[in-house]
Amino acid sequence: MKALVTGISGFVGSHMAEFLLQHNVEVTGTIRQRSRMDHIKHLKDIQLVECELRDPFSVEHLIKEIKPDLIFHLAAQSFVPTSWNSPIDTIHNNVAGQVNIMEALRRFDLSCKMQVACSSEEYGHVEPDETPIRETNPLRPLSPYAVSKVAQDYLGYQYYKSYGLPIIVTRTFNHTGPRRGENFVTSNFAKQIAQIEKGKKPPVLQVGNLSAKRDFTDVRDVVRAYWLALEKGTPGETYNIASGSCCTIREMLDLLLSYSNASISIEEDPARLRPSDVEILLGDYTKFHDATGWKPEIPFETTMKDLLQYWRDQ
Ligand code: GDD
C-alpha cells in the first residue's frame, strides 16, 4: 500500500506520515524548495519528492511516477489572516494544486482514493440555532481562505460526479498539538507563555479576539480520522471531523495559563483582529462516526499540555 501525502513537511502532514509508517504504509511526500524539514520524523523511511503543486507538469510527473493507492491532500495555505493579505495567492495555491492532482489522476486513469482536507471555516457565519453544525448546513464563508476551501470541497464533489474519482472530503474543525505552526492561536499563546517562563519576553501576552468559540481536536486524532475516511468513508461524501464541544479562545488561554506558574498579563493587539471573524464553530461528527466508528480520544487538556511542553522544549 502506497500513500502520497501532499504538504508532508507541514503540521498535519508530519503527523500523517508518522501514523502511516506505524501502519506499515509506504509513504511518499511532496515538499517545496523552502519547506521546513525539522518537523518530519523518520526521514529515512519516507520518499520525499520536490513538487510545486501549482505546476500541472510537475504534478503530472509526480502522479505518473508514484502511482499511489491513497492520497492525503493536505498541502495548502492554511492561515486565515494571510488570505486577506494576498487573497489571490491563497485561492490559486489551494485550488490549482488540487485541480492539478485530480487532472493527473483522470489522465492516467488511476483509481486511487483521495482525501481532501477541507475546513469548518467553510461554514463561516453560523446562526445560533445551527449548532452543532452538520454537513448540510449552508456554507457562508467569511475569508478568502474559507472560499478557497469551499472551492476545493465542491471540486472534489464535481470530479467524483463527473469522472467517478473516489474522492472523500473531510471538513475538519480546529486542530492542534505539538508542532502546530506558531501563527495559529493555540501555538501562539503557548509559545508566548514558554518564552515568558524562560525570561525571553516581558510578561505580557498579546492576543486578538478572545470571544470567538472554536471546536478543537488533537492532530493525532485527526490523522487517524483521515486514514479511516479513506478506509471506510464513501466516495463523493463530505464528513465533519470535530470534537463535538467548543470553548472560547479566552477559555483556551485560561487553560494554558493554568499550566504555568508565571505571572502574566494580557494585552489586546489590534493587528491580531480580523476584518471578519467566525464567531462560533461547533461541529457534529455523527455522520463520520456512523461511517467509520471514529471518535476523538485525546482530551483537550492533554493536547494543550503537550503543546506547551513542545514550546518549552524548543
Ligand atoms: N492566530 C491567532 N492569533 N488567532 C487569535 C489570536 C491570536 O493572537 N487571538 C485570538 N485569536 C482568534 C482568532 O480571531 C480566531 O477566532 C481563533 O482565535 C482561532 O484562530 P486560528 O488559530 O488562527 O485558527 P482559525 O480558526 O482561523 O483557522 C484554523 O482552523 C480552521 C478550521 O476551522 C486553521 O487551522 C485553518 O487552517 C482551519 O481550516
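Residues numbered from 1 in each chain as written. Predicted model: local features only at pLDDT ≥ 70, side-chain atom pairs only at ≥ 80, totals over all residues. Heavy atoms only, no water.

## Overview of the sheet that holds strand 4 (residues 70-73)
Alright, step 1. Read across the open sheet, the 7 strands follow the order 3-2-1-4-5-6-11; overall the sheet is parallel. Two strands lie at the open edges of the sheet, namely strand 3 (46-50) and strand 11 (238-241), each paired on one side alone. Taking the axes of each pair of neighbouring strands and ignoring which way they run, one obtains an average angle of 20° across the sheet.
Alright, step 2. Lying over the sheet, helix 5 (residues 144-163) contacts strand 4, strand 5 (113-119), strand 6 (167-172) and strand 11, oriented at roughly 155° with respect to strand 5. (Pairing = 2+ DSSP bridges. Helix = DSSP H or I, 4+ residues; strand = E, 2+ residues; numbered from the N terminus. Axes fitted to C-alpha atoms, helices over the stretch in contact; angles between N-to-C directions. Contact = heavy atoms within 4.5 Å.)

## Considering the side chain of S148
Alright, step 1. By the secondary structure assignment, S148 is in helix 5.
Alright, step 2. You can call S148 buried: its relative accessible area is 0%.
Alright, step 3. One polar contact links S148 to N94, side chain to side chain, over a distance of 3.0 Å.
Alright, step 4. Not counting chain neighbours up to four residues away, the residues in contact with S148 comprise T90, I91, N94 and V95. (Buried < 20%, exposed > 50% of the residue type's maximum accessible area, 1.4 Å probe, protein only. Polar contact = N/O pair within 3.5 Å; in protein donor to acceptor, adjacent residues only side chain to side chain.)

## Examining the site of the ligand
Alright, step 1. Taken together, 25 residues surround the ligand, and among them S78, S119, S120, Y145 and R274 come closest.
Alright, step 2. Contacts to the ligand include S120, whose side-chain N or O atom sits 2.5 Å from an oxygen atom.
Alright, step 3. Within the side chain of N174, an N or O atom sits 2.9 Å from an oxygen atom of the ligand.
Alright, step 4. When the ligand sits alone it has 720 Å² of accessible area, and the protein chains cover 96% of it. (Near = heavy atom within 4 Å. Areas by Shrake-Rupley, 256 points an atom, 1.4 Å probe, with all protein chains shown as cover.)

## Side note on empty space enclosed by the protein
Alright, step 1. Counted according to the given criterion, the structure contains 1 cavity of 30 Å³ or more.
Alright, step 2. Space inside the largest cavity adds up to approximately 30 Å³.
Alright, step 3. Grouping the amino acids of the lining of the largest cavity by side-chain chemistry returns 4 nonpolar, 2 polar and 4 charged. (1 Å grid on protein atoms, 1.4 Å probe; cavity = no way out; pocket = protein on both sides within 12 Å on 5 of 7 lines; lining within 4 Å. Points joined across faces, edges and corners; volume = space filled by probe spheres on them. Nonpolar A, V, L, I, M, F, W, Y, C, P; charged D, E, K, R; others polar.)

## Thoughts on the environment of L48
Alright, step 1. Of note, L48 is situated in strand 3.
Alright, step 2. With relative accessibility at 28%, the residue L48 sits in the partly exposed group.
Alright, step 3. L48 sits 40 residues away from I8 along the chain, and the two C-alpha atoms are 8.5 Å apart.
Alright, step 4. When neighbours within four sequence positions are excluded, L48 is seen to be in contact with I8, G29, I31, M37, I40 and L43.

## Quick look at the pattern of salt bridges
Alright, step 1. Within the structure shown, the criterion is met by 22 salt bridges.
Alright, step 2. Where E52 meets R32, a salt bridge forms, and the shortest distance between an N and an O atom there is 3.7 Å. With a gap of 20 residues between them, E52 in the loop between strand 3 and helix 2 (56-66) and R32 in the loop between strand 2 (26-31) and strand 3 connect regions that are remote in the sequence.
Alright, step 3. By relative accessible area, which is 29% here, R32 ends up partly exposed. (Salt bridge = Lys/Arg side-chain N within 4 Å of Asp/Glu carboxyl O.)

## Quick look at the packing of aromatic side chains
Alright, step 1. Enumeration according to the criterion identifies 9 aromatic pairs in this entry.
Alright, step 2. Consider the rings of F19 and W227, whose centres lie 6.1 Å apart with planes at 55°: the pair is tilted. A residue pair is termed long-range when its members are at least 10 positions apart, and F19 in helix 1 (residues 11-22) and W227 in helix 7 (residues 219-232) qualify at 208 residues. By the burial criterion, F19 is buried, and W227 matches it.
Alright, step 3. Aromatic rings pair up to connect Y239, Y285, F288 and W294 into one cluster.
Alright, step 4. Stacked on the ring of Y163, the Lys or Arg R106 has its end atom at 4.1 Å from the ring centre.
Alright, step 5. The lysine or arginine in question, K287, covers the ring of Y239, its NZ or CZ lying 5.1 Å from the ring centre. (Phe/Tyr/Trp six-rings, centres within 6.5 Å; stacked < 30°, edge-to-face > 60°. Lys NZ or Arg CZ within 6 Å of the ring centre and 35° of its normal.)

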